Amino acid sequence: MPRRSLNLATLDESIAEIERLQREGYVATGKWTLSQICEHLTATMRMGLDGGQRMPWLLRKTMGAWMIRSWLKKRSMRAGLPTLDRLRPKINGDGEATKAADDPGAIAACLATLREVRDFSGELPPHSMCDGVDLPRYQDLCVIHAQHHLGYLAPRESEATPR
């Protein structure tokens with residue numbers, strides 16, 4: 001089953017999509033479950049809110065700036081980009097993304113962090129990938145990132161849906 005195309009515009013739409021997938025169920029068309037995706041999204045959003053290790057200056061000015069501009073312009077991310085080990089799902093404690101029953105705690109933490117990003121009004125720490133990422137761009141990047149990963153989960157058909 002191919003990855004579905006999502007067009008999320010806001011953090012509220014991202015929250016609603018996660019709640020829908022949790023409530024109605026889904027079929028994973030990629031490597032991660034909903035709770036693993038939520039764990040990854042939470043880790044990346046926390047870096048944006050709390051600060052974290054930054055890429056070297058030259059990479060932030062070139063590759064990082066180019067990637068951020070591209071994601072914002074296209075409103076999508078290319079599949080298959082590598083992620084840092086510290087941002088990979090750790091659910092089940094083995095450090096590997098394994099298909100398991102969803103962890104409601106990981107989903108709740110993601111939803112809480114999405115709401116925190118939505119309601120944030122302070123000054124963000126410097127972004128890890130690119131200089132000059134302001135709050136509206138950061139919030140949009142969070143939506144685009146959620147949209148990318150949630151596209152790998154296809155909602156289950158409702159029992160009421162005719163076959």
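Scroll up to find the structure this text is about.
Residues numbered from 1 in each chain as written. Predicted model: local features only at pLDDT ≥ 70, side-chain atom pairs only at ≥ 80, totals over all residues. Heavy atoms only, no water.

K.L.:
How would you explain the nonpolar core if you had to name every residue and give the values?
P.N.:
In this structure, Ile18, Leu34, Met45, Tyr138 and Leu150 are the most contacted members of the largest nonpolar core, which totals 38 residues. Among the secondary structure elements, those contributing two or more residues to this core are α1 (11-24), α2 (34-50), α3 (57-74), α4 (104-119) and α5 (135-150). A total of eight residues in this core trace back to one element, the largest contributor, which is α5. Those residues in contact with Tyr138 that lie beyond four places of it in its chain are Thr44, Met45, Gly48, Leu49, Val117, Leu124, His127 and Val133. (Core = buried A, V, L, I, M, F, W, Y, C linked by side-chain atoms within 4.5 Å. Buried < 20%, exposed > 50% of the residue type's maximum accessible area, 1.4 Å probe, protein only. Helix = DSSP H or I, 4+ residues; strand = E, 2+ residues; numbered from the N terminus. Contact = heavy atoms within 4.5 Å.)

K.L.:
Which residues make up the state of the cysteines, and what values do they have?
P.N.:
Overall, the coordinates contain zero disulfides when judged by the stated rule. As a non-bridged cysteine, Cys110 has Cys38 as the owner of its nearest cysteine sulfur, 3.9 Å distant. For Cys110, a relative accessible area of 0% puts it in the buried group. Sulfur of Cys142: no disulfide; nearest cysteine sulfur belongs to Cys110 and is 9.6 Å away. (Disulfide = S-S within 2.5 Å.)

K.L.:
Can you lay out α4 for me, pointing to particular residues and giving the numbers?
P.N.:
With 16 residues, α4 should cover 22 Å at 1.5 Å per step; its first-to-last C-alpha distance of 22 Å lies within 8% of that length. Among all positions in α4, only Ala106, Ile107, Cys110, Leu111, Thr113, Leu114 and Val117 are buried. For α4, the angular spread of buried residues about the axis comes to 165°, placing them on one side. Facing away from the buried side of α4, by more than 90 degrees, are the exposed residues Pro104 and Asp119. Buried residues in α4 make contact with α1, α2 and α5. Residue Asp103 occupies the N-cap position of α4, its side-chain oxygen lying 2.9 Å from the main-chain nitrogen of Gly105. (Expected span 1.5 Å × (residues − 1). Arc of directions from axis to C-beta. Polar contact = N/O pair within 3.5 Å; in protein donor to acceptor, adjacent residues only side chain to side chain.)

What is shown is where atoms sit, not what they do.
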